[in-house]
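# A look at the structure
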Amino acid sequence: MSAVTFKGQPISVDGQFPAPGSTAPAFSLVGGDLSDVTLSSHAGKRKVLNIFPSIDTGVCATSVRRFNELAGQLDNTVVLCISADLPFAQARFCGAEGLDKVINLSLMRGRQFLNDYGVAIASGPLAGLAARAVVVLDERNKVIHAELVSEIGHEPDYDAALKALA
């Protein structure tokens, strides 16, 4: 269990957050067309997992915009934006914003991801959602960068994530 804050108040986060050097747990989440998308769906590519509570919050929306901007500059890399939002809401947001370089994945049939990746908010008003985190994987799904953002309302360290891919 980890502890982060939401608006300065401590909240508990369940599961084991992946450490650099570890192998990322397999997952199955829901893609924009309601298909099951697994970690192995992107085999051979580097992966940036942008994990957040909901696209309908300002900081979460900002992180998706920023990673969309950065994704166009990354070779052999996919950016997976993972939240509890339904694929319809994710698609509506990205369509309205003109974001087409990130892949949205929903936790709607993949709740195990929350515990497997150590981002399951267990207490406070956001209980049941994902804590804000960025996990960067190499082509073999080895974790090369992992940040569990200490305050849910703060943006992740984009520069550190990009540096891991350099």
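Residue positions are given per chain, counted from 1 along the sequence in the order it is written. With pLDDT at 70 or above as the cut-off, local features in this predicted model cover only qualifying residues; side-chain atom pairs require 80 or more to be listed or tallied, and sums for whole chains, interfaces and linings still use all residues. Derived side-chain values reflect all non-hydrogen atoms in the structure, with water molecules and hydrogen atoms excluded from consideration.

### Some words on the nonpolar core
By convention a nonpolar core is built from buried Ala, Val, Leu, Ile, Met, Phe, Trp, Tyr and Cys residues, the set being connected through side-chain atoms within 4.5 Å. Exposure is judged per residue with a 1.4 Å probe applied to protein chains only, and the accessible area is read against the type maximum: over 50% gives exposed, under 20% gives buried, and values in between give partly exposed. One finds Phe-27, Leu-49, Ile-51, Ile-82, Phe-113 and Val-119 to be the most contacted residues of the largest nonpolar core, which totals 32 residues. Secondary structure elements are defined from DSSP: runs of H or I of at least 4 residues count as helices, runs of E of at least 2 residues count as strands, and each element is numbered from the N terminus. At the level of elements, strand E1 (2-6), strand E2 (9-14), strand E5 (46-51), strand E6 (77-83), helix H3 (112-116), strand E8 (120-121), strand E9 (133-137) and strand E10 (143-148) are the ones that each hand at least two residues to this core. Pairs of residues are marked as contacts when any of their non-hydrogen atoms sit within 4.5 Å. Each residue touching Ile-51, except ones within four places of it in the same chain, is listed here: Ile-82, Phe-113, Val-119, Ala-130, Ala-131, Arg-132, Ala-133 and Val-135. Leu-70, Cys-81, Cys-94 and Ala-161 belong to the second largest nonpolar core, which has 21 residues in total.

### Thoughts on helix H2 (residues 87-97)
Turn by turn, an α-helix covers 3.6 residues, leaving residues three or four places apart pointing in a common direction. Three or more residues of H2 are buried, namely Pro-87, Ala-89, Gln-90, Phe-93 and Cys-94. Down the axis of H2, the buried set is contained in an arc of 165°. They therefore lie on one face. Exposed residues on H2 whose side chains face more than 90 degrees from its buried face are Arg-92, Gly-95 and Ala-96. Looking at the residues trailing H2, positive phi occurs at Gly-98, about 70°. Taken from the helix axis, the directions to the C-beta atoms give the arc we talk about.

### Some words on the pairing of E6
Counting buried residues in E6 gives 7 out of 7 residues, a clear majority hidden from the surface. Residues Thr-77, Val-79, Cys-81 and Ser-83 line one face of E6 and the alternating positions Val-78, Leu-80 and Ile-82 line the opposite face, and both faces are buried. Here, strands pair whenever DSSP counts at least two bridges between them. Inspection of the sheet shows E5 paired to E6 by 6 bridges, in the parallel sense. Considered in E6, the bridge of Arg-46 is made with Thr-77.

### Focus: the UniProt feature "active site" (unreviewed entry) in the protein
UniProt positions are given in the numbering used here, feature names are shortened, and annotations may be inferred rather than shown by experiment. Following the UniProt record, one finds the feature "active site" (unreviewed entry) at Cys-60. Judged by its relative accessible area of 1%, Cys-60 falls in the buried class.

### Focus: the sheet that holds E2
Strand order in the open sheet made by the 3 strands is E1-E2-E8, with antiparallel pairing throughout. One side of each edge strand has no neighbouring strand; the edge strands of this open sheet are E1 and E8. Where E1 meets E2, 5 bridges bridge the pair, whose relative direction is antiparallel. Opposite Thr-5, over in E2, you have Pro-10 as the bridge partner.

### Regarding the packing of aromatic side chains
Stacked, tilted and edge-to-face are the three classes applied to pairs of Phe, Tyr and Trp rings, where Trp contributes its six-membered ring and a pair requires centres within 6.5 Å; stacked means planes under 30 degrees apart, edge-to-face means over 60, and tilted covers the rest. Summed over the entire model, instances satisfying the criterion amount to 4 aromatic pairs. Aromatic pair Phe-27 and Tyr-117: ring centres 6.1 Å apart, planes at 70°, arrangement edge-to-face. Within this pair, whereas Phe-27 is found in the loop between E2 and strand E3 (28-30), its partner Tyr-117 is found in the loop between H3 and E8, the two being separated by 90 residues in sequence. The same class applies to Phe-27 and to Tyr-117, which are both buried.

### Observations concerning the confidence of the model for the protein
Summary statistics for the protein give a mean pLDDT of 92 and a share of 99% for residues scoring 70 or more. No element of the protein has a lower mean pLDDT than helix H1 (residues 58-71), which averages 81, and none a higher one than E3, which averages 98. Residue-level confidence of the predictor is what pLDDT reports, using numbers from 0 through 100.

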